[in-house]
Amino acid sequence: MTAQKISSTLSGLSVGPHRIETPVYLAPMSGVTDLPFRTVAQELGAQAVVSEMIASGEAIRETRGTLKRARAGTGAGPHIVQLAGHDPAIMAEAARLCTDLGADIIDLNFGCPAKKVTRKLCGSALMRDLDQALAIVEAVVAAVDAPVTIKMRTG
Ligand SMILES: Cc1cc2nc3c(=O)[nH]c(=O)nc-3n(C[C@H](O)[C@H](O)[C@H](O)COP(=O)(O)O)c2cc1C
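This section reports on the structure supplied with the text. (Residues numbered from 1 in each chain as written. Predicted model: local features only at pLDDT ≥ 70, side-chain atom pairs only at ≥ 80, totals over all residues. Heavy atoms only, no water.)

## Considerations on the sheet that holds strand S4 (residues 48–55)
Strand-to-strand pairing in sheets goes through backbone hydrogen bonds, with the strands running parallel or antiparallel.
Part 1 of the reasoning: Reading across from one edge, S3-S4-S5-S6-S7 is the order of the 5 strands in this open sheet, with parallel pairing throughout. With partners counted over all chains shown, the strands left at the sheet margins are strand S3 (25–26) and strand S7 (148–152), one partner each.
Part 2 of the reasoning: Relative to strand S5 (residues 79–84), S4 is paired through 5 bridges, and the arrangement is parallel. Within S5, the position partnered with Ile54 by the bridge is Leu83.
Part 3 of the reasoning: Helix-sheet contacts for helix H7 (residues 130–143) involve strand S6 (105–110) and S7, and the interaxial angle to S6 is about 170 degrees. (Pairing = 2+ DSSP bridges. Helix = DSSP H or I, 4+ residues; strand = E, 2+ residues; numbered from the N terminus. Contact = heavy atoms within 4.5 Å. Axes fitted to C-alpha atoms, helices over the stretch in contact; angles between N-to-C directions.)

## Notes on a nonpolar patch on the surface
Part 1 of the reasoning: A contiguous nonpolar patch, built from Met29, Val32 and Phe37 and spanning about 220 Å² of accessible area, is present on the exposed surface.
Part 2 of the reasoning: Looking at the element boundaries, Val32 is found in the loop between S3 and helix H2 (35–43). (Patch = residues over 30% accessible without salt bridge, like charges linked within 9 Å, V, L, I, M, F, W, Y side chains within 5 Å. Areas by Shrake-Rupley, 256 points an atom, 1.4 Å probe, with all protein chains shown as cover. Salt bridge = Lys/Arg side-chain N within 4 Å of Asp/Glu carboxyl O.)

## A short note on the pattern of salt bridges
Part 1 of the reasoning: Applying the stated criterion across every chain yields a total of 1 salt bridge.
Part 2 of the reasoning: A salt bridge links Arg69 to Glu58, with the shortest nitrogen-to-oxygen separation between them at 2.9 Å. Taken as a pair, Arg69 in helix H4 (residues 64–69) and Glu58 in helix H3 (residues 56–60) lie far apart in primary sequence, 11 residues in all.
Part 3 of the reasoning: Residue class for Arg69 comes out partly exposed when judged on its relative accessible area of 22%. (Buried < 20%, exposed > 50% of the residue type's maximum accessible area, 1.4 Å probe, protein only.)

What follows is the structure, encoded as C-alpha coordinates:
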(Lines give C-alpha, C1' and ligand atoms only; values in the text may rest on other atoms or scores of the structure.)
Protein backbone atom coordinates (compact mmCIF):
# COMPACT_ATOMS: atom_id res chain seq x y z
CA MET A 1 0.00 0.00 0.00
CA THR A 2 1.42 3.40 -0.86
CA ALA A 3 1.87 6.13 1.73
CA GLN A 4 -0.73 8.15 -0.17
CA LYS A 5 -3.27 5.34 0.07
CA ILE A 6 -2.68 4.85 3.79
CA SER A 7 -3.03 8.59 4.30
CA SER A 8 -6.35 8.75 2.50
CA THR A 9 -7.53 5.71 4.47
CA LEU A 10 -6.55 7.39 7.73
CA SER A 11 -8.03 10.77 6.87
CA GLY A 12 -11.57 11.25 8.12
CA LEU A 13 -11.15 8.38 10.57
CA SER A 14 -12.33 8.45 14.17
CA VAL A 15 -10.40 6.43 16.72
CA GLY A 16 -11.79 6.69 20.25
CA PRO A 17 -11.84 10.41 21.10
CA HIS A 18 -9.47 11.21 18.22
CA ARG A 19 -10.51 12.39 14.77
CA ILE A 20 -7.94 12.39 11.95
CA GLU A 21 -8.99 15.15 9.52
CA THR A 22 -5.81 15.81 7.57
CA PRO A 23 -3.92 13.18 5.59
CA VAL A 24 -0.62 14.17 7.20
CA TYR A 25 0.97 11.56 9.39
CA LEU A 26 4.40 10.66 10.66
CA ALA A 27 5.76 7.34 9.40
CA PRO A 28 7.33 4.99 11.94
CA MET A 29 11.11 5.31 12.04
CA SER A 30 13.19 3.10 14.26
CA GLY A 31 15.61 5.18 16.32
CA VAL A 32 13.82 8.39 15.31
CA THR A 33 10.11 8.53 16.17
CA ASP A 34 10.48 8.47 19.93
CA LEU A 35 8.02 10.33 22.16
CA PRO A 36 9.73 13.78 21.96
CA PHE A 37 9.95 13.51 18.13
CA ARG A 38 6.30 12.45 17.87
CA THR A 39 5.24 15.30 20.14
CA VAL A 40 7.05 17.87 17.95
CA ALA A 41 5.54 16.34 14.80
CA GLN A 42 2.07 16.61 16.36
CA GLU A 43 2.71 20.23 17.30
CA LEU A 44 3.67 20.85 13.66
CA GLY A 45 0.40 19.36 12.42
CA ALA A 46 0.83 15.60 12.05
CA GLN A 47 -2.44 14.14 13.29
CA ALA A 48 -1.33 10.54 13.22
CA VAL A 49 2.09 9.61 14.52
CA VAL A 50 3.53 6.13 14.90
CA SER A 51 5.94 4.73 17.48
CA GLU A 52 9.26 3.22 16.62
CA MET A 53 8.96 -0.46 15.66
CA ILE A 54 8.73 -2.69 18.72
CA ALA A 55 9.77 -6.35 18.58
CA SER A 56 6.83 -8.36 19.90
CA GLY A 57 9.08 -10.83 21.76
CA GLU A 58 10.70 -7.97 23.63
CA ALA A 59 7.32 -6.39 24.23
CA ILE A 60 5.90 -9.37 26.08
CA ARG A 61 9.00 -9.44 28.29
CA GLU A 62 8.11 -5.82 29.07
CA THR A 63 11.72 -4.65 28.70
CA ARG A 64 12.54 -1.09 29.67
CA GLY A 65 13.06 -0.21 25.98
CA THR A 66 9.64 -1.56 25.04
CA LEU A 67 7.84 0.30 27.76
CA LYS A 68 9.64 3.49 26.73
CA ARG A 69 8.89 3.05 23.01
CA ALA A 70 5.23 2.17 23.64
CA ARG A 71 4.65 5.18 25.91
CA ALA A 72 1.62 7.28 24.95
CA GLY A 73 2.07 11.01 24.33
CA THR A 74 0.03 14.06 25.12
CA GLY A 75 -3.22 12.57 23.90
CA ALA A 76 -3.32 15.15 21.08
CA GLY A 77 -3.96 12.38 18.54
CA PRO A 78 -4.26 8.63 18.35
CA HIS A 79 -1.33 6.72 19.79
CA ILE A 80 -0.24 4.23 17.14
CA VAL A 81 2.20 1.51 18.13
CA GLN A 82 4.00 -0.54 15.51
CA LEU A 83 4.80 -4.17 16.26
CA ALA A 84 7.13 -6.55 14.45
CA GLY A 85 7.27 -10.30 14.89
CA HIS A 86 6.57 -13.71 13.40
CA ASP A 87 4.61 -15.69 15.98
CA PRO A 88 0.86 -14.91 15.95
CA ALA A 89 0.36 -15.70 19.66
CA ILE A 90 3.28 -13.50 20.72
CA MET A 91 2.15 -10.70 18.39
CA ALA A 92 -1.35 -10.95 19.90
CA GLU A 93 0.00 -10.79 23.46
CA ALA A 94 2.23 -7.85 22.57
CA ALA A 95 -0.72 -6.04 20.99
CA ARG A 96 -2.77 -6.56 24.16
CA LEU A 97 0.06 -5.18 26.27
CA CYS A 98 0.41 -2.12 24.04
CA THR A 99 -3.31 -1.36 24.12
CA ASP A 100 -3.20 -1.75 27.92
CA LEU A 101 -0.40 0.84 27.84
CA GLY A 102 -2.61 3.23 25.86
CA ALA A 103 -2.20 2.37 22.16
CA ASP A 104 -5.26 3.44 20.14
CA ILE A 105 -4.14 1.63 16.96
CA ILE A 106 -1.80 -1.32 16.45
CA ASP A 107 0.24 -1.22 13.25
CA LEU A 108 1.87 -4.43 12.01
CA ASN A 109 5.27 -4.12 10.39
CA PHE A 110 5.26 -6.24 7.23
CA GLY A 111 7.72 -4.01 5.42
CA CYS A 112 11.05 -3.73 7.22
CA PRO A 113 13.82 -5.03 4.92
CA ALA A 114 16.63 -4.90 7.53
CA LYS A 115 18.53 -8.20 7.67
CA LYS A 116 18.33 -8.42 11.46
CA VAL A 117 14.52 -8.36 11.08
CA THR A 118 14.04 -10.52 7.96
CA ARG A 119 16.37 -13.29 9.15
CA LYS A 120 13.90 -13.84 11.99
CA LEU A 121 11.18 -14.09 9.29
CA CYS A 122 9.66 -10.78 10.45
CA GLY A 123 9.00 -7.51 8.58
CA SER A 124 9.11 -7.78 4.79
CA ALA A 125 10.02 -11.51 5.02
CA LEU A 126 6.33 -12.08 5.81
CA MET A 127 5.45 -11.01 2.27
CA ARG A 128 6.99 -14.34 1.21
CA ASP A 129 4.75 -16.24 3.62
CA LEU A 130 1.26 -14.83 3.27
CA ASP A 131 -0.32 -17.64 5.33
CA GLN A 132 1.85 -16.63 8.28
CA ALA A 133 1.07 -12.95 7.69
CA LEU A 134 -2.65 -13.74 7.65
CA ALA A 135 -2.35 -15.81 10.85
CA ILE A 136 -0.69 -12.81 12.54
CA VAL A 137 -3.42 -10.44 11.36
CA GLU A 138 -6.18 -12.79 12.56
CA ALA A 139 -4.54 -13.33 15.96
CA VAL A 140 -3.94 -9.62 16.58
CA VAL A 141 -7.40 -8.54 15.39
CA ALA A 142 -8.96 -11.15 17.68
CA ALA A 143 -6.81 -10.03 20.62
CA VAL A 144 -7.57 -6.31 20.71
CA ASP A 145 -10.54 -4.00 20.23
CA ALA A 146 -8.30 -1.34 18.67
CA PRO A 147 -8.09 -0.96 14.88
CA VAL A 148 -5.20 -2.90 13.35
CA THR A 149 -3.29 -1.50 10.37
CA ILE A 150 -0.51 -2.99 8.27
CA LYS A 151 2.49 -1.27 6.74
CA MET A 152 3.82 -3.41 3.92
CA ARG A 153 5.78 -3.36 0.73
CA THR A 154 4.04 -4.19 -2.51
CA GLY A 155 7.15 -5.30 -4.32
C1 LIG B 1 15.71 5.83 9.87
C2 LIG B 1 14.49 5.11 9.38
C3 LIG B 1 13.87 4.19 10.19
C4 LIG B 1 12.72 3.53 9.75
N5 LIG B 1 12.11 2.66 10.59
C6 LIG B 1 10.92 2.10 10.22
C7 LIG B 1 10.19 1.30 11.13
O8 LIG B 1 10.57 1.08 12.28
N9 LIG B 1 9.02 0.78 10.68
C10 LIG B 1 8.54 0.99 9.41
O11 LIG B 1 7.48 0.50 9.06
N12 LIG B 1 9.22 1.76 8.54
C13 LIG B 1 10.39 2.33 8.92
N14 LIG B 1 11.04 3.15 8.05
C15 LIG B 1 10.45 3.42 6.73
C16 LIG B 1 9.63 4.71 6.78
O17 LIG B 1 8.51 4.57 7.64
C18 LIG B 1 9.11 5.08 5.38
O19 LIG B 1 8.25 4.09 4.90
C20 LIG B 1 10.24 5.25 4.39
O21 LIG B 1 11.20 6.15 4.91
C22 LIG B 1 9.70 5.79 3.05
O23 LIG B 1 9.05 7.01 3.24
P24 LIG B 1 9.57 8.31 2.48
O25 LIG B 1 9.40 8.01 1.03
O26 LIG B 1 8.67 9.41 2.97
O27 LIG B 1 11.00 8.48 2.90
C28 LIG B 1 12.20 3.80 8.46
C29 LIG B 1 12.85 4.74 7.64
C30 LIG B 1 13.95 5.40 8.09
C31 LIG B 1 14.60 6.41 7.19
